[in-house]
Amino acid sequence: MPREKFSTLTEQMFYVLLCLREECCGMDILDKVPSMTGGRVSVGSGTLYNLLEQFRAEGMIRETRTEGRKRSYLLTDAGRARLEREYQRIQAQAEDYRRAFGEEGAT
Amino acid sequence: MREIKRQMTLYSFYDHTGLERHFERMAAQGWLLCKGGQYTWHYRRIEPKQLTFCVCYYPRATIFDPLPSVSQEEFYDFCAHTGWTLAASSAQLQVFYNEREDPTPIETDPALEVEAIHRSAKKSFLLPNGLLLAVGLLNLGQFLWRLRDDPIQTLSNAGTLLAAVAGVILLALCSVELCAYFLWHRRARKAAERGEFLPTRSHRWFQRIMLVILAAATVWFFISMAGDGLGGVMLVSMAGGVLVVAAVIGVREGLKRCYFSAEDNRVITIIACVVLSLAVSAGIPWLVVRGLDSRPQPKAEDLPLTLADLREGDFGGYTRKWQGAQSPLLGRYNAHEWPLGPAGQFPEKVYLDYEVTLVKLPALYGLCRETLLHERDDWGSEGPEDVWYGYAYVPTDPAPWGAEEAYQWLPEDGLDNGADNNQYLLFYPDRVVTISLQWDGPPTRSQMAAVGEKLGRGPL
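Below: a short report on this structure. Within any chain, residue numbers begin from 1 and follow the written order of that chain's sequence. Just so you know, chain letters begin at A and ligand numbers begin at 1, following the order they were written in. For this predicted model, a pLDDT threshold of at least 70 governs which residues receive local features, and a threshold of 80 or more governs which side-chain atom pairs are given and counted, while totals over whole chains, interfaces and linings are taken from all residues.

### Regarding the sheet that holds strand β2 (residues 31-36) of chain B
Residue and element names in this part refer to chain B.
- DSSP-based pairing: two strands are paired if at least 2 bridges between them are found. Helix and strand labels come from DSSP, where a helix needs a run of H or I of at least four residues and a strand needs a run of E of at least two; each type is numbered from the N terminus. The strand order β1-β3-β2 describes an open sheet built from three strands, whose pairing is antiparallel. Across the chains shown, the open sheet's two edge strands, defined by having one partner strand only, are β1 (4-8) and β2. Averaged over all adjacent pairs, the angle separating strand axes in this sheet is 35°, with direction ignored.
- Two strands pair when backbone bridges link them, and β2 and strand β3 (residues 40-45) are joined in this way by five bridges, in the antiparallel orientation. Residue pairing for β3: L33 is matched across the bridge by Y43.
- The contact criterion used is a C-beta to C-beta distance within 7 Å, with each C-beta placed from the backbone. Lines fitted to the C-alpha atoms define the axes, with helices restricted to the stretch that makes contact. Angles between their N-to-C directions range from 0 to 180 degrees. The strands touched by helix α1 (residues 16-28) within the sheet are β2 and β3, with β2 carrying the most contacts at an inclination of about 130°.

### With respect to the pairing of strand β2 (residues 61-67) of chain A
All names here are of chain A.
- The sheet contact formed by β2 and strand β3 (residues 70-75) spans six bridges and is antiparallel. Of the residues in β3, the one forming a bridge with E63 is Y73.
- Between the antiparallel neighbours β2 and β3 lie two residues, among them G68 with a positive phi of about 65°.

### A short note on the nonpolar core
- Defined on buried residues, the nonpolar core groups Ala, Val, Leu, Ile, Met, Phe, Trp, Tyr and Cys residues joined through C-beta atoms within 7 Å. Exposure in this text rests on C-beta crowding, where 20 or more other C-beta atoms within 10 Å of a residue's own make it buried, 12 or fewer make it exposed, and counts in between make it partly exposed. The C-beta atoms are placed from the backbone. Counting 64 residues, the largest nonpolar core has V16(A), L20(A), I29(A), L48(A), L33(B), V95(B) and F96(B) as its most contacted members.
- For this core, the element with the most residues is helix α3 (residues 110-149) of chain B, which contributes six residues.
- Apart from the residues within four sequence positions on either side, F96(B) is in contact with C54(B), C79(B), W84(B), T85(B), L86(B), A87(B) and I106(B).
- Judged by nonpolar contacts, the second largest core, of 33 residues, contains L352(B), A406(B), V432(B) and M448(B).

### Some words on the sheet that holds β2(A)
Residue and element names in this part refer to chain A.
- As summarised here, the arrangement of the three strands in space is β1-β3-β2, forming an open sheet in which the pairing is antiparallel. Pairing within the sheet leaves two strands with one partner each, and these edge strands are β1 (24-25) and β2.
- Relative to β3, β1 is paired through two bridges, and the arrangement is antiparallel. What sits directly across from C25, in β3, is S72.

### Things to note about unusual backbone geometry
All names here are of chain B.
- Phi at A91 is positive, roughly 55°, even though this residue is not glycine.
- Relative to the assigned elements, A91 resides in the loop between β5 (84-90) and β6 (93-98).
- Taking the number of C-beta atoms within 10 Å as the measure of exposure, A91 has 20 and is therefore buried.

### Structural notes on the packing of helix α2 (residues 11-19) of chain A against helix α3 (residues 26-36) of chain A
Residue and element names in this part refer to chain A.
- At a minimum axis distance of 10 Å, the contact between α2 and α3 shows a crossing angle of 110°. One way to sum up the angle between α2 and α3 is to call them roughly perpendicular. Where α2 crosses over α3, the handedness of that crossing is right-handed. Touching Y15, V16 and C19 of α2 are I29, K32, V33 and M36, all from α3. Under this scheme an angle from 65 to 115 degrees is roughly perpendicular, one under 35 degrees roughly parallel, and one over 145 degrees roughly antiparallel; angles in between are oblique. Crossing chirality is assigned from the near helix's rotation relative to the far helix, an anticlockwise turn below a right angle marking it left-handed and a clockwise turn marking it right-handed.

If you want it as C-alpha coordinates, here you go:
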(Lines give C-alpha, C1' and ligand atoms only; values in the text may rest on other atoms or scores of the structure.)
Protein backbone atom coordinates (compact mmCIF):
# COMPACT_ATOMS: atom_id res chain seq x y z
CA MET A 1 0.00 0.00 0.00
CA PRO A 2 2.70 2.59 0.85
CA ARG A 3 4.43 2.06 -2.53
CA GLU A 4 1.16 2.69 -4.34
CA LYS A 5 0.47 5.66 -2.09
CA PHE A 6 3.84 7.27 -2.76
CA SER A 7 3.46 7.01 -6.52
CA THR A 8 1.89 10.47 -6.18
CA LEU A 9 2.78 12.53 -3.14
CA THR A 10 0.10 14.41 -1.28
CA GLU A 11 0.81 18.02 -0.36
CA GLN A 12 1.60 16.96 3.19
CA MET A 13 4.03 14.26 2.04
CA PHE A 14 5.69 16.72 -0.32
CA TYR A 15 6.31 19.34 2.35
CA VAL A 16 7.48 16.84 4.97
CA LEU A 17 10.10 15.55 2.53
CA LEU A 18 10.98 19.10 1.56
CA CYS A 19 11.63 19.98 5.21
CA LEU A 20 14.00 17.04 5.47
CA ARG A 21 16.45 18.42 2.93
CA GLU A 22 18.17 19.47 6.13
CA GLU A 23 18.26 17.49 9.38
CA CYS A 24 15.04 17.93 11.35
CA CYS A 25 13.18 16.25 14.18
CA GLY A 26 9.43 15.66 14.03
CA MET A 27 8.52 18.72 16.06
CA ASP A 28 10.60 20.95 13.79
CA ILE A 29 8.62 19.66 10.83
CA LEU A 30 5.32 20.41 12.59
CA ASP A 31 6.45 24.07 12.84
CA LYS A 32 8.21 24.35 9.48
CA VAL A 33 5.41 23.17 7.21
CA PRO A 34 2.90 25.93 8.15
CA SER A 35 5.61 28.62 8.04
CA MET A 36 6.93 27.35 4.69
CA THR A 37 3.42 27.47 3.18
CA GLY A 38 2.17 30.64 4.87
CA GLY A 39 -0.23 28.57 6.96
CA ARG A 40 -1.83 27.02 3.87
CA VAL A 41 -0.69 23.50 4.80
CA SER A 42 -0.50 21.94 8.26
CA VAL A 43 0.46 18.40 9.11
CA GLY A 44 -1.26 16.69 12.03
CA SER A 45 0.96 15.11 14.64
CA GLY A 46 -0.47 11.63 14.07
CA THR A 47 -0.18 11.98 10.32
CA LEU A 48 3.43 13.15 10.60
CA TYR A 49 4.30 10.28 12.92
CA ASN A 50 2.89 7.74 10.44
CA LEU A 51 4.50 9.45 7.45
CA LEU A 52 7.95 9.45 9.06
CA GLU A 53 7.60 5.73 9.80
CA GLN A 54 6.49 4.94 6.27
CA PHE A 55 9.12 7.17 4.60
CA ARG A 56 11.78 5.47 6.71
CA ALA A 57 10.47 2.01 5.82
CA GLU A 58 10.62 2.99 2.13
CA GLY A 59 14.18 4.30 2.48
CA MET A 60 13.16 7.86 1.54
CA ILE A 61 14.53 9.29 4.79
CA ARG A 62 17.04 8.04 7.34
CA GLU A 63 17.39 8.54 11.07
CA THR A 64 20.44 10.66 11.85
CA ARG A 65 20.35 11.29 15.56
CA THR A 66 18.46 10.25 18.71
CA GLU A 67 18.34 12.40 21.81
CA GLY A 68 16.10 10.74 24.34
CA ARG A 69 12.76 10.42 22.63
CA LYS A 70 13.68 12.99 19.99
CA ARG A 71 14.76 11.51 16.67
CA SER A 72 16.14 13.52 13.75
CA TYR A 73 15.86 12.58 10.11
CA LEU A 74 17.38 13.50 6.75
CA LEU A 75 16.26 12.98 3.18
CA THR A 76 18.04 10.12 1.39
CA ASP A 77 18.98 10.03 -2.29
CA ALA A 78 15.90 7.89 -2.94
CA GLY A 79 13.76 10.44 -1.15
CA ARG A 80 15.36 13.28 -3.05
CA ALA A 81 14.70 11.45 -6.34
CA ARG A 82 11.09 10.92 -5.36
CA LEU A 83 10.71 14.57 -4.43
CA GLU A 84 12.31 15.57 -7.73
CA ARG A 85 9.90 13.37 -9.64
CA GLU A 86 6.98 15.00 -7.83
CA TYR A 87 8.36 18.44 -8.64
CA GLN A 88 8.59 17.48 -12.32
CA ARG A 89 5.00 16.29 -12.21
CA ILE A 90 3.79 19.52 -10.62
CA GLN A 91 5.80 21.53 -13.12
CA ALA A 92 4.34 19.56 -15.98
CA GLN A 93 0.88 20.34 -14.63
CA ALA A 94 1.77 24.03 -14.42
CA GLU A 95 3.07 23.92 -18.01
CA ASP A 96 -0.15 22.32 -19.16
CA TYR A 97 -2.09 25.10 -17.45
CA ARG A 98 0.03 27.77 -19.08
CA ARG A 99 -0.43 26.23 -22.49
CA ALA A 100 -4.18 26.16 -21.94
CA PHE A 101 -4.62 29.70 -20.66
CA GLY A 102 -1.39 31.43 -21.75
CA GLU A 103 0.87 33.50 -19.56
CA GLU A 104 -1.96 35.92 -18.78
CA GLY A 105 -4.19 33.20 -17.36
CA ALA A 106 -1.35 31.92 -15.23
CA THR A 107 -0.90 35.19 -13.29
CA MET B 1 -19.88 15.77 45.90
CA ARG B 2 -18.11 12.99 44.09
CA GLU B 3 -14.95 13.81 42.19
CA ILE B 4 -14.70 10.69 40.03
CA LYS B 5 -17.34 9.29 37.75
CA ARG B 6 -17.33 5.96 35.93
CA GLN B 7 -19.25 5.23 32.80
CA MET B 8 -19.78 2.06 30.87
CA THR B 9 -18.67 2.50 27.30
CA LEU B 10 -21.15 1.39 24.68
CA TYR B 11 -19.35 2.91 21.72
CA SER B 12 -17.79 0.67 19.14
CA PHE B 13 -14.00 0.42 19.11
CA TYR B 14 -13.70 2.23 15.78
CA ASP B 15 -16.39 4.86 16.49
CA HIS B 16 -13.97 7.73 17.05
CA THR B 17 -16.50 10.37 15.98
CA GLY B 18 -19.07 9.18 18.54
CA LEU B 19 -16.45 8.97 21.28
CA GLU B 20 -15.08 12.45 20.52
CA ARG B 21 -18.54 14.05 20.66
CA HIS B 22 -19.31 12.14 23.87
CA PHE B 23 -16.12 13.26 25.64
CA GLU B 24 -16.75 16.85 24.51
CA ARG B 25 -20.27 16.74 25.96
CA MET B 26 -18.90 15.32 29.23
CA ALA B 27 -16.27 18.10 29.46
CA ALA B 28 -18.96 20.71 28.85
CA GLN B 29 -20.83 19.17 31.79
CA GLY B 30 -17.71 19.34 34.00
CA TRP B 31 -16.30 15.83 33.58
CA LEU B 32 -12.90 15.29 31.99
CA LEU B 33 -11.88 11.83 30.86
CA CYS B 34 -8.93 10.67 32.98
CA LYS B 35 -8.67 6.90 32.56
CA GLY B 36 -9.68 4.43 29.92
CA GLY B 37 -10.58 0.86 30.63
CA GLN B 38 -11.72 -2.17 28.73
CA TYR B 39 -15.32 -1.75 29.82
CA THR B 40 -15.49 1.61 31.61
CA TRP B 41 -14.26 5.18 31.27
CA HIS B 42 -13.28 7.23 34.31
CA TYR B 43 -13.85 10.99 34.52
CA ARG B 44 -12.69 13.56 37.03
CA ARG B 45 -14.57 16.70 37.95
CA ILE B 46 -13.42 19.94 36.31
CA GLU B 47 -14.87 23.38 35.65
CA PRO B 48 -17.24 22.89 32.70
CA LYS B 49 -15.47 23.95 29.51
CA GLN B 50 -15.43 23.50 25.78
CA LEU B 51 -12.60 21.15 24.84
CA THR B 52 -11.81 19.58 21.51
CA PHE B 53 -11.28 15.84 21.72
CA CYS B 54 -9.50 13.62 19.25
CA VAL B 55 -9.60 9.83 19.37
CA CYS B 56 -6.81 8.24 17.37
CA TYR B 57 -5.27 4.81 17.10
CA TYR B 58 -1.74 3.59 17.77
CA PRO B 59 -1.68 0.12 16.15
CA ARG B 60 1.48 -1.14 17.83
CA ALA B 61 0.13 -0.68 21.38
CA THR B 62 -1.43 -3.66 23.16
CA ILE B 63 -3.59 -4.06 26.22
CA PHE B 64 -0.66 -5.85 27.93
CA ASP B 65 1.86 -2.99 27.67
CA PRO B 66 3.11 -2.01 31.14
CA LEU B 67 4.12 1.44 29.89
CA PRO B 68 3.97 3.27 26.58
CA SER B 69 6.92 2.36 24.34
CA VAL B 70 9.59 4.98 23.49
CA SER B 71 8.12 5.48 20.02
CA GLN B 72 4.65 5.84 21.55
CA GLU B 73 6.04 8.50 23.89
CA GLU B 74 7.50 10.22 20.84
CA PHE B 75 4.03 10.21 19.29
CA TYR B 76 2.66 11.80 22.48
CA ASP B 77 5.40 14.46 22.25
CA PHE B 78 4.34 15.30 18.68
CA CYS B 79 0.75 15.65 19.89
CA ALA B 80 1.75 17.75 22.89
CA HIS B 81 3.67 20.05 20.54
CA THR B 82 0.43 20.91 18.76
CA GLY B 83 -1.49 21.36 22.00
CA TRP B 84 -2.95 17.88 22.37
CA THR B 85 -2.88 16.41 25.89
CA LEU B 86 -3.34 12.69 26.40
CA ALA B 87 -6.50 12.18 28.46
CA ALA B 88 -6.59 8.39 28.50
CA SER B 89 -5.66 5.36 26.48
CA SER B 90 -6.85 1.79 26.24
CA ALA B 91 -4.72 -0.53 24.12
CA GLN B 92 -4.54 1.05 20.64
CA LEU B 93 -7.17 3.69 21.37
CA GLN B 94 -5.64 7.04 22.37
CA VAL B 95 -7.79 9.95 23.53
CA PHE B 96 -6.41 13.50 23.45
CA TYR B 97 -7.94 16.85 24.21
CA ASN B 98 -6.94 20.35 23.17
CA GLU B 99 -7.80 23.63 24.86
CA ARG B 100 -6.87 25.77 21.86
CA GLU B 101 -9.50 27.14 19.57
CA ASP B 102 -9.57 25.44 16.18
CA PRO B 103 -6.46 23.29 16.73
CA THR B 104 -4.67 21.40 13.95
CA PRO B 105 -6.23 17.92 13.99
CA ILE B 106 -3.96 14.99 14.92
CA GLU B 107 -4.96 13.20 11.73
CA THR B 108 -4.80 15.33 8.60
CA ASP B 109 -4.52 12.51 6.07
CA PRO B 110 -7.70 10.39 5.77
CA ALA B 111 -5.95 7.43 4.13
CA LEU B 112 -3.44 7.16 6.97
CA GLU B 113 -6.21 7.46 9.53
CA VAL B 114 -8.25 4.65 7.96
CA GLU B 115 -5.14 2.50 7.75
CA ALA B 116 -4.29 3.05 11.45
CA ILE B 117 -7.88 2.28 12.50
CA HIS B 118 -7.96 -0.89 10.41
CA ARG B 119 -4.61 -2.16 11.72
CA SER B 120 -5.79 -1.54 15.29
CA ALA B 121 -9.23 -3.02 14.63
CA LYS B 122 -7.68 -6.26 13.38
CA LYS B 123 -6.10 -6.76 16.81
CA SER B 124 -8.69 -5.45 19.23
CA PHE B 125 -12.00 -5.51 17.42
CA LEU B 126 -12.27 -7.88 14.47
CA LEU B 127 -10.66 -10.91 16.12
CA PRO B 128 -12.63 -10.77 19.41
CA ASN B 129 -15.90 -10.02 17.63
CA GLY B 130 -15.25 -12.81 15.14
CA LEU B 131 -14.63 -15.26 17.98
CA LEU B 132 -17.75 -14.12 19.84
CA LEU B 133 -19.75 -14.48 16.63
CA ALA B 134 -18.52 -18.08 16.37
CA VAL B 135 -19.48 -18.72 20.01
CA GLY B 136 -22.93 -17.21 19.40
CA LEU B 137 -23.42 -19.39 16.30
CA LEU B 138 -22.34 -22.52 18.18
CA ASN B 139 -24.66 -21.65 21.06
CA LEU B 140 -27.60 -21.13 18.71
CA GLY B 141 -26.80 -24.31 16.78
CA GLN B 142 -26.66 -26.30 20.01
CA PHE B 143 -30.00 -24.85 21.14
CA LEU B 144 -31.70 -25.65 17.81
CA TRP B 145 -30.29 -29.17 17.91
CA ARG B 146 -31.64 -29.69 21.44
CA LEU B 147 -34.95 -28.15 20.42
CA ARG B 148 -35.25 -30.62 17.58
CA ASP B 149 -34.14 -33.53 19.73
CA ASP B 150 -36.34 -32.87 22.78
CA PRO B 151 -38.48 -29.72 22.46
CA ILE B 152 -40.33 -30.18 25.76
CA GLN B 153 -37.18 -30.69 27.81
CA THR B 154 -35.52 -27.73 26.08
CA LEU B 155 -38.43 -25.30 26.38
CA SER B 156 -39.14 -26.19 30.01
CA ASN B 157 -35.56 -25.45 31.06
CA ALA B 158 -35.30 -21.76 31.94
CA GLY B 159 -31.49 -21.94 32.02
CA THR B 160 -31.36 -23.29 28.46
CA LEU B 161 -33.77 -20.59 27.30
CA LEU B 162 -31.72 -17.86 29.00
CA ALA B 163 -28.54 -19.18 27.38
CA ALA B 164 -30.30 -19.20 24.02
CA VAL B 165 -31.49 -15.61 24.47
CA ALA B 166 -27.98 -14.55 25.52
CA GLY B 167 -26.53 -16.40 22.51
CA VAL B 168 -28.92 -14.71 20.07
CA ILE B 169 -28.13 -11.29 21.60
CA LEU B 170 -24.41 -11.99 21.31
CA LEU B 171 -24.89 -13.06 17.71
CA ALA B 172 -26.91 -9.93 16.91
CA LEU B 173 -24.42 -7.59 18.63
CA CYS B 174 -21.37 -9.10 16.93
CA SER B 175 -23.07 -9.25 13.52
CA VAL B 176 -24.15 -5.61 13.71
CA GLU B 177 -20.71 -4.53 14.97
CA LEU B 178 -18.84 -6.36 12.22
CA CYS B 179 -21.22 -5.41 9.40
CA ALA B 180 -21.24 -1.75 10.49
CA TYR B 181 -17.45 -1.73 10.67
CA PHE B 182 -16.87 -3.28 7.25
CA LEU B 183 -19.44 -0.94 5.71
CA TRP B 184 -17.76 2.09 7.29
CA HIS B 185 -14.28 0.86 6.34
CA ARG B 186 -15.24 0.37 2.69
CA ARG B 187 -16.83 3.84 2.47
CA ALA B 188 -14.01 5.48 4.44
CA ARG B 189 -11.39 4.07 2.04
CA LYS B 190 -13.31 5.41 -0.94
CA ALA B 191 -13.72 8.80 0.76
CA ALA B 192 -9.98 8.82 1.57
CA GLU B 193 -9.19 8.33 -2.13
CA ARG B 194 -11.03 11.62 -2.68
CA GLY B 195 -9.08 13.15 0.22
CA GLU B 196 -12.13 13.22 2.51
CA PHE B 197 -12.64 12.01 6.06
CA LEU B 198 -15.70 9.86 6.73
CA PRO B 199 -17.15 10.24 10.24
CA THR B 200 -18.21 7.04 12.00
CA ARG B 201 -21.84 6.40 12.92
CA SER B 202 -22.81 5.21 16.38
CA HIS B 203 -25.41 2.51 16.94
CA ARG B 204 -25.55 2.74 20.72
CA TRP B 205 -29.34 2.53 20.61
CA PHE B 206 -29.04 -1.02 19.29
CA GLN B 207 -26.55 -2.03 21.97
CA ARG B 208 -28.80 -0.50 24.62
CA ILE B 209 -31.87 -2.38 23.36
CA MET B 210 -29.93 -5.65 23.35
CA LEU B 211 -28.69 -5.08 26.90
CA VAL B 212 -32.22 -4.24 28.10
CA ILE B 213 -33.51 -7.45 26.50
CA LEU B 214 -30.73 -9.46 28.15
CA ALA B 215 -31.44 -7.86 31.55
CA ALA B 216 -35.18 -8.52 31.16
CA ALA B 217 -34.48 -12.15 30.16
CA THR B 218 -32.27 -12.59 33.23
CA VAL B 219 -34.89 -11.15 35.58
CA TRP B 220 -37.55 -13.31 33.89
CA PHE B 221 -35.31 -16.33 34.40
CA PHE B 222 -34.84 -15.73 38.11
CA ILE B 223 -38.52 -15.02 38.67
CA SER B 224 -39.46 -18.24 36.93
CA MET B 225 -36.86 -20.16 38.96
CA ALA B 226 -37.99 -18.67 42.29
CA GLY B 227 -38.25 -21.40 44.90
CA ASP B 228 -36.28 -23.82 42.76
CA GLY B 229 -32.86 -24.80 44.13
CA LEU B 230 -31.38 -24.67 40.63
CA GLY B 231 -32.01 -20.92 40.49
CA GLY B 232 -29.37 -20.51 43.18
CA VAL B 233 -26.98 -22.76 41.29
CA MET B 234 -27.49 -20.69 38.16
CA LEU B 235 -26.85 -17.51 40.14
CA VAL B 236 -23.59 -18.99 41.42
CA SER B 237 -22.69 -20.03 37.83
CA MET B 238 -23.23 -16.50 36.55
CA ALA B 239 -21.25 -15.08 39.46
CA GLY B 240 -18.51 -17.60 38.59
CA GLY B 241 -18.37 -16.29 35.03
CA VAL B 242 -18.13 -12.69 36.23
CA LEU B 243 -15.46 -13.74 38.74
CA VAL B 244 -13.35 -15.34 36.00
CA VAL B 245 -13.50 -12.18 33.87
CA ALA B 246 -12.67 -9.99 36.90
CA ALA B 247 -9.82 -12.28 37.97
CA VAL B 248 -8.30 -12.40 34.47
CA ILE B 249 -8.44 -8.60 34.21
CA GLY B 250 -6.94 -8.42 37.73
CA VAL B 251 -4.05 -10.71 36.75
CA ARG B 252 -3.34 -8.69 33.60
CA GLU B 253 -3.45 -5.33 35.37
CA GLY B 254 -1.38 -6.68 38.29
CA LEU B 255 1.34 -7.87 35.92
CA LYS B 256 1.31 -4.48 34.20
CA ARG B 257 1.80 -2.77 37.54
CA CYS B 258 4.78 -5.11 38.19
CA TYR B 259 6.23 -4.10 34.80
CA PHE B 260 6.08 -7.55 33.21
CA SER B 261 6.77 -7.36 29.49
CA ALA B 262 3.74 -7.43 27.19
CA GLU B 263 4.71 -10.90 25.87
CA ASP B 264 5.08 -12.42 29.38
CA ASN B 265 1.87 -10.74 30.50
CA ARG B 266 -0.02 -12.13 27.51
CA VAL B 267 1.18 -15.71 28.18
CA ILE B 268 0.50 -15.61 31.93
CA THR B 269 -2.93 -14.00 31.46
CA ILE B 270 -3.94 -16.62 28.87
CA ILE B 271 -2.81 -19.43 31.22
CA ALA B 272 -4.74 -17.82 34.12
CA CYS B 273 -7.81 -17.51 31.90
CA VAL B 274 -7.69 -21.18 30.85
CA VAL B 275 -7.05 -22.47 34.40
CA LEU B 276 -9.77 -20.32 35.98
CA SER B 277 -12.28 -21.16 33.25
CA LEU B 278 -11.62 -24.89 33.68
CA ALA B 279 -11.88 -24.59 37.47
CA VAL B 280 -15.21 -22.78 37.23
CA SER B 281 -16.47 -25.14 34.50
CA ALA B 282 -15.65 -28.12 36.71
CA GLY B 283 -16.90 -26.48 39.89
CA ILE B 284 -20.34 -25.58 38.59
CA PRO B 285 -21.44 -29.15 37.67
CA TRP B 286 -20.11 -30.26 41.06
CA LEU B 287 -22.28 -27.60 42.69
CA VAL B 288 -25.28 -28.69 40.63
CA VAL B 289 -24.84 -32.31 41.70
CA ARG B 290 -24.37 -31.26 45.32
CA GLY B 291 -27.41 -29.01 45.07
CA LEU B 292 -29.53 -31.87 43.74
CA ASP B 293 -28.15 -34.38 46.25
CA SER B 294 -28.73 -32.09 49.19
CA ARG B 295 -32.42 -31.83 48.44
CA PRO B 296 -34.45 -33.65 51.09
CA GLN B 297 -36.31 -36.81 50.14
CA PRO B 298 -39.80 -35.66 49.11
CA LYS B 299 -42.64 -36.53 51.43
CA ALA B 300 -45.97 -37.94 50.33
CA GLU B 301 -47.62 -34.52 50.64
CA ASP B 302 -45.08 -33.03 48.21
CA LEU B 303 -46.42 -35.20 45.38
CA PRO B 304 -49.71 -34.11 43.76
CA LEU B 305 -50.76 -37.76 43.42
CA THR B 306 -49.62 -40.72 45.51
CA LEU B 307 -50.38 -44.41 45.71
CA ALA B 308 -52.39 -43.67 48.86
CA ASP B 309 -54.77 -41.53 46.73
CA LEU B 310 -55.41 -44.52 44.48
CA ARG B 311 -55.25 -47.67 46.60
CA GLU B 312 -55.74 -49.00 50.09
CA GLY B 313 -52.52 -49.96 51.81
CA ASP B 314 -49.51 -48.81 53.77
CA PHE B 315 -47.10 -46.95 51.52
CA GLY B 316 -45.29 -45.09 54.30
CA GLY B 317 -41.92 -46.73 53.65
CA TYR B 318 -42.00 -46.20 49.90
CA THR B 319 -39.28 -44.24 48.17
CA ARG B 320 -40.44 -41.09 46.41
CA LYS B 321 -38.92 -38.81 43.84
CA TRP B 322 -40.36 -35.50 42.69
CA GLN B 323 -38.56 -33.18 40.38
CA GLY B 324 -39.51 -30.52 37.94
CA ALA B 325 -38.17 -27.97 35.57
CA GLN B 326 -40.09 -24.94 34.46
CA SER B 327 -39.80 -21.88 32.35
CA PRO B 328 -42.40 -19.22 31.53
CA LEU B 329 -43.26 -21.34 28.45
CA LEU B 330 -43.52 -24.87 29.83
CA GLY B 331 -43.25 -26.89 33.02
CA ARG B 332 -42.27 -30.53 33.22
CA TYR B 333 -42.69 -32.49 36.44
CA ASN B 334 -41.80 -36.12 37.18
CA ALA B 335 -42.85 -38.27 40.12
CA HIS B 336 -41.99 -41.82 41.10
CA GLU B 337 -43.18 -43.81 44.06
CA TRP B 338 -41.90 -47.31 44.43
CA PRO B 339 -41.00 -49.96 47.05
CA LEU B 340 -37.27 -49.91 47.60
CA GLY B 341 -36.02 -51.95 50.52
CA PRO B 342 -35.06 -55.42 51.78
CA ALA B 343 -36.93 -58.39 50.32
CA GLY B 344 -40.16 -59.01 52.17
CA GLN B 345 -40.50 -55.45 53.47
CA PHE B 346 -43.15 -54.68 50.87
CA PRO B 347 -45.37 -57.68 50.24
CA GLU B 348 -47.45 -55.81 47.67
CA LYS B 349 -45.32 -54.65 44.73
CA VAL B 350 -47.10 -51.65 43.27
CA TYR B 351 -45.47 -48.69 41.57
CA LEU B 352 -46.53 -45.27 40.42
CA ASP B 353 -44.78 -43.15 37.81
CA TYR B 354 -46.08 -40.03 36.10
CA GLU B 355 -44.96 -37.02 34.21
CA VAL B 356 -46.96 -33.82 33.81
CA THR B 357 -46.20 -31.33 31.04
CA LEU B 358 -47.75 -27.99 31.91
CA VAL B 359 -48.31 -25.78 28.86
CA LYS B 360 -48.05 -22.14 29.99
CA LEU B 361 -47.96 -20.73 26.47
CA PRO B 362 -51.08 -22.11 24.71
CA ALA B 363 -49.40 -21.82 21.29
CA LEU B 364 -47.07 -24.63 22.33
CA TYR B 365 -49.88 -27.10 23.11
CA GLY B 366 -49.89 -28.60 19.59
CA LEU B 367 -46.12 -29.11 19.68
CA CYS B 368 -46.34 -30.84 23.08
CA ARG B 369 -49.24 -33.02 21.93
CA GLU B 370 -47.42 -34.22 18.82
CA THR B 371 -44.13 -34.74 20.66
CA LEU B 372 -45.63 -36.78 23.48
CA LEU B 373 -47.89 -38.77 21.19
CA HIS B 374 -44.99 -39.79 18.96
CA GLU B 375 -41.95 -39.82 21.26
CA ARG B 376 -42.28 -43.59 21.73
CA ASP B 377 -42.83 -44.42 18.06
CA ASP B 378 -39.71 -46.57 17.87
CA TRP B 379 -40.20 -48.26 21.24
CA GLY B 380 -40.80 -51.99 21.52
CA SER B 381 -39.33 -55.12 23.00
CA GLU B 382 -37.92 -58.39 21.81
CA GLY B 383 -39.96 -61.42 22.84
CA PRO B 384 -39.44 -65.19 22.58
CA GLU B 385 -38.06 -66.50 19.26
CA ASP B 386 -36.74 -63.06 18.39
CA VAL B 387 -40.24 -61.70 17.80
CA TRP B 388 -40.29 -57.92 17.97
CA TYR B 389 -43.22 -56.53 19.90
CA GLY B 390 -44.04 -53.06 18.74
CA TYR B 391 -46.16 -50.76 20.89
CA ALA B 392 -48.34 -47.77 20.12
CA TYR B 393 -50.66 -45.31 21.81
CA VAL B 394 -54.20 -46.55 21.12
CA PRO B 395 -57.16 -44.15 21.72
CA THR B 396 -59.29 -45.00 24.70
CA ASP B 397 -62.31 -43.40 26.41
CA PRO B 398 -61.18 -40.06 27.94
CA ALA B 399 -64.37 -39.52 29.99
CA PRO B 400 -63.41 -41.57 33.10
CA TRP B 401 -60.13 -39.61 33.26
CA GLY B 402 -61.93 -36.29 32.91
CA ALA B 403 -59.62 -35.67 29.94
CA GLU B 404 -60.15 -34.32 26.44
CA GLU B 405 -58.23 -37.19 24.86
CA ALA B 406 -56.82 -40.41 26.28
CA TYR B 407 -54.49 -43.07 24.85
CA GLN B 408 -53.31 -46.39 26.23
CA TRP B 409 -49.88 -47.82 25.49
CA LEU B 410 -50.65 -51.20 23.93
CA PRO B 411 -48.93 -53.78 21.74
CA GLU B 412 -49.46 -53.32 18.03
CA ASP B 413 -51.41 -55.97 16.11
CA GLY B 414 -53.04 -57.15 19.31
CA LEU B 415 -49.95 -59.16 20.30
CA ASP B 416 -49.15 -59.26 23.99
CA ASN B 417 -45.89 -60.22 25.63
CA GLY B 418 -47.46 -60.30 29.03
CA ALA B 419 -46.16 -56.96 30.27
CA ASP B 420 -48.31 -54.64 32.34
CA ASN B 421 -49.94 -52.05 30.11
CA ASN B 422 -51.43 -49.62 32.57
CA GLN B 423 -49.67 -46.77 30.82
CA TYR B 424 -51.74 -43.85 29.60
CA LEU B 425 -51.30 -40.56 27.84
CA LEU B 426 -53.96 -38.06 28.91
CA PHE B 427 -54.64 -34.64 27.41
CA TYR B 428 -56.16 -31.88 29.57
CA PRO B 429 -56.79 -28.26 28.55
CA ASP B 430 -53.46 -26.89 29.84
CA ARG B 431 -51.40 -30.02 30.45
CA VAL B 432 -50.52 -33.48 29.27
CA VAL B 433 -50.12 -36.38 31.70
CA THR B 434 -48.16 -39.56 31.05
CA ILE B 435 -48.90 -42.07 33.80
CA SER B 436 -47.88 -45.61 34.55
CA LEU B 437 -49.95 -47.49 37.18
CA GLN B 438 -47.95 -50.63 37.77
CA TRP B 439 -50.16 -53.16 39.40
CA ASP B 440 -52.25 -56.12 38.27
CA GLY B 441 -55.49 -55.29 36.52
CA PRO B 442 -56.72 -52.13 34.87
CA PRO B 443 -57.42 -48.98 36.91
CA THR B 444 -60.91 -48.57 38.28
CA ARG B 445 -63.14 -45.64 37.33
CA SER B 446 -62.58 -44.04 40.72
CA GLN B 447 -58.79 -44.32 40.29
CA MET B 448 -59.08 -42.71 36.84
CA ALA B 449 -61.21 -39.92 38.30
CA ALA B 450 -58.62 -39.35 41.05
CA VAL B 451 -55.86 -39.05 38.44
CA GLY B 452 -57.96 -36.53 36.47
CA GLU B 453 -58.74 -34.49 39.57
CA LYS B 454 -55.21 -34.45 41.03
CA LEU B 455 -53.05 -34.29 37.94
CA GLY B 456 -55.43 -33.01 35.24
CA ARG B 457 -56.70 -30.00 37.15
CA GLY B 458 -54.94 -29.77 40.50
CA PRO B 459 -51.98 -27.61 41.45
CA LEU B 460 -48.48 -28.95 40.83
